[in-house]
Amino acid sequence: VQLQASGGGLVQAGGSLRLSCAASGRTLRGYIMGWFRQAPGKEREFVAAIRWNGGNANYKESMRGRFTISRDIVQNTGYLQMDSLTPEDTAAYYCAATSRAITSTLGLPSSYDYWGQGTQVTVSS
């Protein structure tokens, strides 16, 4: 599985961005796609995850309500809609995929086998 993340950029506080993660090599049926972020000097942080079959989503609690994860089965692409952005959301955002995670391990980077290259999100105050 190859993942290509895109959609990052510079946005003012309060603005929105939609990140995309295009998968190739195989369908993500049976997989889970996750989004993580990493700010300079900080550990990689779980944002959200979605099960390709059924579309069930999980969020880091602090991001629920501002971020929305979704997927397009036909396009084999996942999305992360981010609203009401703040400077604290500034980070490199990564998409990842796994076929072996369970709900209790969705937030662990080590649960994911495939990673995209990251896309930078910068929120100015």
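Computed from a predicted structure; not experimentally measured.

1. As for the pattern of salt bridges
Reasoning step 1: On inspection of all chains with the given rule, the structure shows 6 salt bridges.
Reasoning step 2: Measuring nitrogen to oxygen at the nearest pair gives 2.4 Å for the salt bridge that ties Lys60 to Glu45. Here the residue Lys60 occupies a position in the loop between β6 (57–59) and β7 (67–72), and Glu45 occupies one in strand β5 (residues 45–51), the gap between them amounting to 15 residues.
Reasoning step 3: When the shortest N-O distance is used, the salt bridge between Asp89 and Arg66 registers 2.8 Å. Separated by 23 residues along the polypeptide, Asp89 in the loop between β8 (77–82) and β9 (91–98) and Arg66 in the loop between β6 and β7 bring together distant segments of the chain.
Reasoning step 4: One network of salt bridges, with partners in common, ties together Arg37, Glu45, Lys60, Arg66 and Asp89.

2. Describing the state of the cysteines
Reasoning step 1: In this structure the tally under the stated criterion is 1 disulfide.
Reasoning step 2: Covalent S-S linkage joins Cys21 and Cys95, the inter-sulfur distance amounting to 2.1 Å. Here Cys21 and Cys95 share a disulfide; its torsion about the S-S bond, 70°, makes the bridge right-handed. A residue pair is termed long-range when its members are at least 10 positions apart, and Cys21 in strand β3 (residues 17–24) and Cys95 in strand β9 qualify at 74 residues.

3. A short note on the nonpolar core
Reasoning step 1: Residues Met33, Trp35, Val47, Phe67, Leu80, Met82 and Tyr93 are the most contacted members of the largest nonpolar core, which totals 29 residues.
Reasoning step 2: Secondary-structure elements contributing two or more residues to this core are β1 (2–6), β3, β4 (32–38), β5, β7, β8, β9 and β11 (119–124).
Reasoning step 3: If near-sequence neighbours (up to four positions away) are discounted, Met33 is found in contact with Leu3, Cys21, Leu28, Ala48, Ala49, Ile50, Trp52, Ile69, Gly78, Ala96, Ala97 and Tyr112.

4. Quick look at the environment of Thr90
Reasoning step 1: Tracing the chain through its elements places Thr90 in the loop between β8 and β9.
Reasoning step 2: Separated by 74 residues in the primary sequence, Thr90 and Ser16 place their C-alpha atoms 12 Å from one another.
Reasoning step 3: Apart from residues no more than four positions distant in its own chain, Thr90 is found in contact with Ala39, Gln120, Val121, Thr122 and Val123.
Reasoning step 4: In this structure the side chain of Thr90 is engaged in a polar contact, spanning 3.0 Å, whose partner is the backbone oxygen of Pro87.
Reasoning step 5: There is a polar contact of 2.9 Å between the side chain of Thr90 and the backbone nitrogen of Val123.

5. Topic: the side chain of Asn76
Reasoning step 1: Tracing the backbone shows Asn76 in the loop between β7 and β8.
Reasoning step 2: Using a relative accessible area of 11% as the deciding quantity, one classes Asn76 as buried.
Reasoning step 3: A distance of 3.1 Å separates a polar atom in the side chain of Asn76 from the backbone nitrogen of Leu28.
Reasoning step 4: Excluding residues within four positions of it along the chain, Asn76 makes contact with Cys21, Ala22, Ala23, Ser24, Arg26, Thr27, Leu28 and Trp52.

About the cut-offs
Residues numbered from 1 in each chain as written. Predicted model: local features only at pLDDT ≥ 70, side-chain atom pairs only at ≥ 80, totals over all residues. Heavy atoms only, no water. Salt bridge = Lys/Arg side-chain N within 4 Å of Asp/Glu carboxyl O. Helix = DSSP H or I, 4+ residues; strand = E, 2+ residues; numbered from the N terminus. Disulfide = S-S within 2.5 Å. Core = buried A, V, L, I, M, F, W, Y, C linked by side-chain atoms within 4.5 Å. Buried < 20%, exposed > 50% of the residue type's maximum accessible area, 1.4 Å probe, protein only. Contact = heavy atoms within 4.5 Å. Polar contact = N/O pair within 3.5 Å; in protein donor to acceptor, adjacent residues only side chain to side chain.

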